[in-house]
Amino acid sequence: MRAAAALSERTFLVIEPDGVRRGLVGEIIERFEQKGFKLVAMKLIQASEDLLKEHYIDLKDWPFYDGLVQYMHSGPIVAMVWEGLNVIKTGRVMLGETNPIDSKPGAIRGDLCIQVGRNIIHGSDSVD
């Protein structure tokens with residue numbers, strides 16, 4: 001049991017304003033619970049522009065940065081921390097590709113969205 005606990009990790013996921021507006025929070029949480037991951041923190045918030053600018057600072061030089069910050073500020077979001085064995089890598093597979101057109105059926109984005117700018121969920125890609 002000690003080895004499994006040592007390999008357990010945490011990841012940060014955010015259900016974006018479009019996912020909240022469309023009522024998909026429960027389905028997304030259910031998918032992660034069914035996979036066997038543990039929800040350790042969750043908060044429904046209206047993120048400030050300052051918080052969003054800080055969160056997405058690594059994207060500040062990309063042309064979509066300002067639009068991303070405005071979009072994420074457009075409505076409530078659900079911020080979550082999930083825990084489990086390989087949750088970061090597995091979670092990214094569960095989310096699907098950033099562009100939903102490239103996502104396979106079964107992935108959250110593949111099943112539930114069609115537009116890259118409104119792709120329902122953001123997930124961390126590393127422990128950092």
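Source: prediction; values computed, not measured.

About the thresholds
- Residues numbered from 1 in each chain as written.
- Predicted model: local features only at pLDDT ≥ 70, side-chain atom pairs only at ≥ 80, totals over all residues.
- Heavy atoms only, no water.
- Core = buried A, V, L, I, M, F, W, Y, C linked by side-chain atoms within 4.5 Å.
- Buried < 20%, exposed > 50% of the residue type's maximum accessible area, 1.4 Å probe, protein only.
- Helix = DSSP H or I, 4+ residues; strand = E, 2+ residues; numbered from the N terminus.
- Contact = heavy atoms within 4.5 Å.
- Pairing = 2+ DSSP bridges.
- Axes fitted to C-alpha atoms, helices over the stretch in contact; angles between N-to-C directions.
- Arc of directions from axis to C-beta.
- Phe/Tyr/Trp six-rings, centres within 6.5 Å; stacked < 30°, edge-to-face > 60°.

A. Layout of the nonpolar core. One finds Ile28, Phe32, Met80, Trp82, Ile108, Ile120 and Ile121 to be the most contacted residues of the largest nonpolar core, which totals 19 residues. Going through the elements one at a time, strand E1 (8-15), helix H3 (25-35), strand E3 (77-85), helix H6 (87-95) and helix H7 (108-112) are the ones with two or more residues in this core. Per-element accounting of this core gives the leading share, four residues, to H6. Residue contacts for Phe32: discarding those within four places in its chain leaves Leu13, Phe37, Trp82, Gly91, Met94, Leu95 and Ile108. Listed in part, the ten residues of the second largest apolar core include Ala47, Leu52, Tyr56 and Tyr65.

B. Here's a closer look at the sheet that holds strand E2 (residues 38-45). Spatially, four strands are ordered E2-E3-E1-E4 in an open sheet, and the strand pairing comes out antiparallel. Both edges of this open sheet fall to E2 and strand E4 (121-123), since each of them pairs with a single strand only. Along the sheet, successive strands turn relative to each other by an average axial angle of 20°, direction set aside. Here three bridges tie E1 to E4, and the two strands are oriented antiparallel to one another. Paired with Val14 across the bridge in E4 is His122. The strands touched by H3 within the sheet are E1, E2, E3 and E4, with E3 carrying the most contacts at an inclination of about 10°.

C. Geometry of H3. Within H3 the residues assigned to the buried category are Ile28, Ile29, Arg31 and Phe32. Looking down the long axis of H3, one finds its buried residues gathered within 155° of arc, a one-sided arrangement. In this structure, the buried side of H3 is in contact with E1, E2, E3, H6, H7 and E4. The positive-phi residue at the C-terminal boundary of H3 is Gly36, with phi of around 110°.

D. The arrangement of unusual backbone geometry in detail. Positive phi is not limited to glycine here, since Asn86 has a value of about 55°. For Asn86, the position within the fold is in the loop between E3 and H6.

E. Structural detail: the packing of aromatic side chains. Counted under the stated rule, the structure contains three aromatic pairs. Members of the aromatic cluster, joined through ring pairs, are Phe32, Phe37 and Trp82.

Honestly, it's all geometry; don't read function into it.
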